[in-house]
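# Inside the fold
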Amino acid sequence: MELFNTLTRRKETFQPRERGKVRIYVCGPTTYNYIHLGNARPLVFFDTVRRYFIYRGYDVRYIQNFTDVDDKIINRALEEGADPLELAGRYINEYFKDADALNVLRADRHPKVSEHMPEIIALIEALVQNGSAYVVEGSVYFEVRKFAGYGKISGRTLDDMRAGARVDVDPCKRDPMDFALWKAAKPGEPAWDSPWGKGRPGWHIECSAMALKYLGPDFDIHGGGFDLIFPHHENENAQSEAATGKPFVRYWLHNGFITVKEEKMSKSLGNFFLVREILARFPPELVRFFLLSTHYRSPLDFDDQKLSAAGRGLERIKTSIRLLSEVLAKEADGRVPGVAGDLNFRIDGIKSSFEKAMDDDLNTALAIGVIFELTREVNTAVKRVGAAVAPQDAEIFRKAMDLFINFNEVMGIFKTDSGGKKMLFDSTGGGEGSDTVAKLVDLIVEVRGEARKKKDWATADRLRDGLRELGIIIEDTPQGARRKKP
RNA sequence: GGCGACAUAGCCAAGUGGUAAGGCAGAGGACUGCAAAUCCUUUAUUCCCCGGUUCGAAUCCGGGUGUCGCCUCCA
């Protein structure tokens with residue numbers, strides 16, 4: 001497998017620290033608000049990375065933190081008159097609602113800053129003791145000039161950055177680029193005891209402490225958005241390597257931005273869409289499909305029209321899976337096999353194309369193209385099926401269904417039943433609601449069938465149009481009417 | 001000012017040296033009572049522009065233009 005490593009700016013062959021195991025840390029949200037679509041991209045992408053490693057048979061350990069101690073949380077809590085930790089906890093719960101809707105698997109651990117003060121303090125102590133950090137009036141700063149590798153993640157030197165950066169005037173710092181590991185407490189802020197007095201951790205140290213605790217040094221993959229490269233990951237790397245004397249991360253992966261009208265979606269520009277706002281208008285499977293339809297390092301422009309266009313493509317995939325289920329229900333002895341021969345011939349090639357795409361730096365866009373290839377092959381074979389399917393053909397169709405299921409295990413687009421063997425669509429069936437409603441719809445469809453037999457097209461069309469207005473689509477097939485929701 | 005990324009059809013989008021995947025939209029056809037769904041065919045002599053390297057470049061090199069991002073909280 002090839003991964004583009006931000007550290008070297010090249011694709012590299014993936015070699016894990018331990019054979020057959022992958023250790024992944026992804027920067028999770030600072031929980032002072034609901035997540036927006038830009039926050040959702042890394043969630044969905046790295047969840048897909050994780051799923052692909054599982055698919056490939058790796059033992060995966062996946063950690064995603066919550067930053068629940070932070071300036072923004074404190075400010076927000078002040079505005080609302082709430083307790084900062086209580087507020088953060090509330091948004092953690094809300095985070096899970098959105099992530100679950102997007103079919104993002106729970107991490108093996110979701111560590112919180114507030115629950116890792118001893119580890120954070122120990123790490124800072126180590127940095128003070130080995131001379132990488134210094135203490136000024138109850139705060140501790142990391143001294144960037146002491147760390148030779150500073151700048152290697154973001155690809156710039158300290159002198160580059162000095163040139164134009166808005167310089168922090170904090171007179172406590174020995175170098176403007178030095179950053180806080182520990183901030184002395186200000187009145188009214190949450191604070192913890194430390195060797196330097198009451199205070200709280202700086203922004204970057206928590207990820208170092210938690211990643212090192214759960215994954216150890218030199219772990220395999222660290223992920224996040226491009227905007228975390230500097231300063232967050234630069235600093236995280238510097239302090240971690242300075243503390244342990246060992247490499248921190250083998251592969252740094254960074255996803256591109258979601259944009260709106262070609263501009264980065266961000267809170268400060270006010271051009272963001274909350275995940276829950278979008279989910280109120282579009283199905284979650286479509287949002288996930290849309291996020292994966294572009295390579296993760298490219299920017300992805302969001303608007304309703306693009307999402308809708310993607311939706312029509314996704315519908316083709318769903319239709320194909322539906323058709324396959326129908327075919328599999330028609331298995332019968334005594335039929336002469338042969339309708340699925342071509343499909344059988346293609347399946348292995350499609351599977352390896354998919355894996356090849358994912359092996360090449362997690363190219364989900366290409367992989368989705370391969371899924372469309374499977375869709376076309378399946379549909380072509382399904383077209384030849386009559387009233388029944390021979391067991392030999394059914395076997396081939398089952399293989400195709402298994403392939404859809406495999407692909408979905410990786411992409412995570414459709415929710416599945418508890419056994420993971422059946423994909424649940426948001427919009428199957430028709431006639432939802434009460435039993436009575438379902439029976440009424442059955443009755444209407446039946447009456448329409450009788451009208452068609454009598455070539456009473458006016459009545460048949462009126463019933464079909466009427467049902468469509470109620471959100472129930474009728475499609476006529478040689479074997480009778482098929483119903484679905486749009 | 002420093003650093004970096006990107007520029008492929010009406011739209012979205014893969015493709016890093018061998019002659020332009022895929023999806024949406026459009027056109028034609030098959031199927032259908034009509035639809036829908038599905039299938040087939042078709043839609044970029046060409047990949048922002050100009051030079052160069054090469055038998056051969058969307059792909060490499062140089063220059064230009066444009067867009068975006070990071071350098072400050074941000075996924």
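Note that the structure is a prediction, hence the values are computed from the model and not measured.

A tally of helices and strands in chain A yields 15 helices and 17 strands. Its C-alpha atoms put chain A at 90 × 50 × 40 Å along the principal axes. Sorting the 486 residues of chain A into buried and exposed places 51% on the buried side. Restricting the contact set of chain A to residue pairs at least 6 apart, pairs at least 24 apart contribute 76%. A total of about 22200 Å² of accessible surface is found on chain A, and carbon and sulfur atoms cover 51% of it. Here chain A holds 72 positive side-chain charges and 72 negative ones, and the gap between their average locations is 3 Å.

Strand pairs in the sheet, formed through backbone hydrogen bonds, run parallel or antiparallel to each other. In spatial order, the strands read E4-E3-E9-E10; together these 4 strands make up an open sheet with parallel pairing. Taken across any chain shown, the strands that pair with only one partner, and hence form the sheet edges, are strand E4 (59–64) and strand E10 (249–255). In this sheet, adjacent strand axes meet at a mean angle of 20 degrees when their direction is disregarded. Here strand E3 (residues 21–26) pairs with E4 via 6 bridges, running parallel. Note on E4: the bridge partner recorded for Val26 is Gln64. In the packing of helix H7 (residues 229–244) onto the sheet, the strands contacted are E3, strand E9 (219–225) and E10, and the crossing angle to E9 comes to about 155 degrees.

Before going further, it helps to spend a moment on the side chain of Glu143. Along the polypeptide, Glu143 turns up in the loop between strand E6 (139–142) and helix H5 (158–164). Setting aside chain neighbours within four positions, we find Glu143 in contact with Ser132, Ala133, Tyr134, Arg174 and Asp178.

A few words now on the packing of helix H10 (residues 304–328) against helix H12 (residues 364–383). Their axes nearest at 9 Å, the elements H10 and H12 cross at an angle of 40 degrees. Of the possible angle classes, the one that applies to H10 and H12 is oblique. As for how H10 packs across H12, the hand of that crossing is left-handed. Here Gly313, Arg316, Ile317, Ser320, Leu323, Leu324 and Val327 of H10 come into contact with H12, specifically with Ile371, Phe372, Thr375, Val378, Asn379 and Val382. In terms of residue class, the contact of H10 with H12 is made up of 8 nonpolar, 4 polar and 1 charged.

So, about the environment of Arg316. With respect to the helices and strands, Arg316 occurs in helix H10. Looking at Arg316, the relative accessible area reads 41%, which means it is partly exposed. Ignoring anything within four residues of it in the chain, the contact list for Arg316 reads Phe372, Thr375 and Asn379.

Near RNA strand B, the surroundings consist of 52 residues, among which Lys72, Trp203, Gly225, Leu228 and Asp461 are the closest. Of everything in RNA strand B that lies within 4 Å of the protein, sugar and phosphate atoms constitute 64%. A distance of 2.9 Å separates a sugar or linking oxygen of RNA strand B from a polar atom in the side chain of Asn39. One nitrogen or oxygen atom from the main chain of His295 is found 2.8 Å from a phosphate oxygen belonging to RNA strand B.

Turning our eyes to something else, we now look at the packing of aromatic side chains. Applying the stated criterion across every chain, the model contains 22 aromatic pairs. Geometrically, the ring pair formed by Tyr34 and Tyr91 is edge-to-face, given 5.3 Å between the ring centres and 80 degrees between the ring planes. Of this pair, Tyr34 sits in the loop between E3 and helix H1 (37–55) while Tyr91 sits in helix H3 (residues 84–101), placing them 57 residues apart in sequence. By way of ring pairs, the aromatic residues Phe14, Phe53, Tyr58 and Tyr251 are connected into one cluster. Over the ring of Phe96 we find Arg106, and its NZ or CZ is 3.9 Å from the ring centre. In this structure, Arg297 packs its charged tip against the face of Phe4, placed 4.0 Å from the ring centre.

Further remarks concern H1. The first and last C-alpha atoms of H1 sit 26 Å apart over 19 residues, in line with the 27 Å expected at 1.5 Å per residue. Counting buried positions along H1 yields 17 of 19 residues, so the element is predominantly enclosed. Looking one or two residues past H1, Gly57 carries a phi angle of roughly 90 degrees, positive in sign.

Cut-off values and rules
- Positions within a chain are numbered from 1, following the residues in the order the chain's sequence is written.
- Each chain gets a letter, beginning with A, and each ligand a number, beginning with 1, in the order they are written.
- Reporting in this predicted model follows two pLDDT cut-offs: at least 70 for local features of residues, and 80 or more for side-chain atom pairs to be given and counted; totals over whole chains, interfaces and linings ignore these cut-offs and use all residues.
- Hydrogens are left out, water is left out, and the side-chain values use all remaining heavy atoms of the structure.
- Working definition: helices are DSSP H or I runs of at least four residues, strands are E runs of at least two. Numbering for both runs from the N terminus.
- Accessibility here uses a 1.4 Å probe with only protein chains present; expressed as a share of the type maximum, an area under 20% marks a residue as buried, one over 50% as exposed, and anything in between as partly exposed.
- We call two residues in contact whenever any of their non-hydrogen atoms come within 4.5 Å of each other.
- Each accessible area is a Shrake-Rupley estimate made with a 1.4 Å probe; only the visible protein chains count as cover when residues are assessed.
- Charge counting follows a simple rule: Lys and Arg are positive, Asp and Glu are negative, and His as well as the terminal groups are ignored.
- By convention, charge coordinates are those of NZ in Lys, CZ in Arg, CG in Asp, or CD in Glu.
- Note on pairing: two strands pair once DSSP finds at least 2 bridges between them.
- Lines fitted to C-alpha atoms define the axes, with helix axes restricted to the stretch in contact, and inter-axis angles between N-to-C directions lie between 0 and 180 degrees.
- Note on angle classes: values under 35 degrees are labelled roughly parallel, values over 145 roughly antiparallel, values of 65 to 115 roughly perpendicular, and the remainder oblique.
- By definition, turning the near helix anticlockwise from the far helix through less than a right angle yields a left-handed crossing, and turning it clockwise yields a right-handed one.
- Each residue is assigned to one class: nonpolar for Ala, Val, Leu, Ile, Met, Phe, Trp, Tyr, Cys and Pro, charged for Asp, Glu, Lys and Arg, and polar for all the others, Gly among them.
- Summary of the distance rule: residues count as near a molecule or strand when at least one heavy atom falls within 4 Å of that molecule or strand.
- By the criterion applied in these results, polar contacts are pairs of N or O atoms within 3.5 Å in which, for protein atoms, one can donate a hydrogen and the other can accept it, and in which residues neighboring in sequence qualify only through two side-chain atoms.
- Classification of ring pairs uses Phe, Tyr and Trp, with its six-membered ring standing for Trp, and accepts pairs whose centres are within 6.5 Å; under 30 degrees between planes counts as stacked, over 60 as edge-to-face, and the remaining range as tilted.
- Lysine NZ or arginine CZ positioned within 6 Å of the ring centre and within 35 degrees of the ring normal marks a charge as sitting over the ring.
- By this rule, a helix spans an expected 1.5 Å times one less than how many residues it contains.

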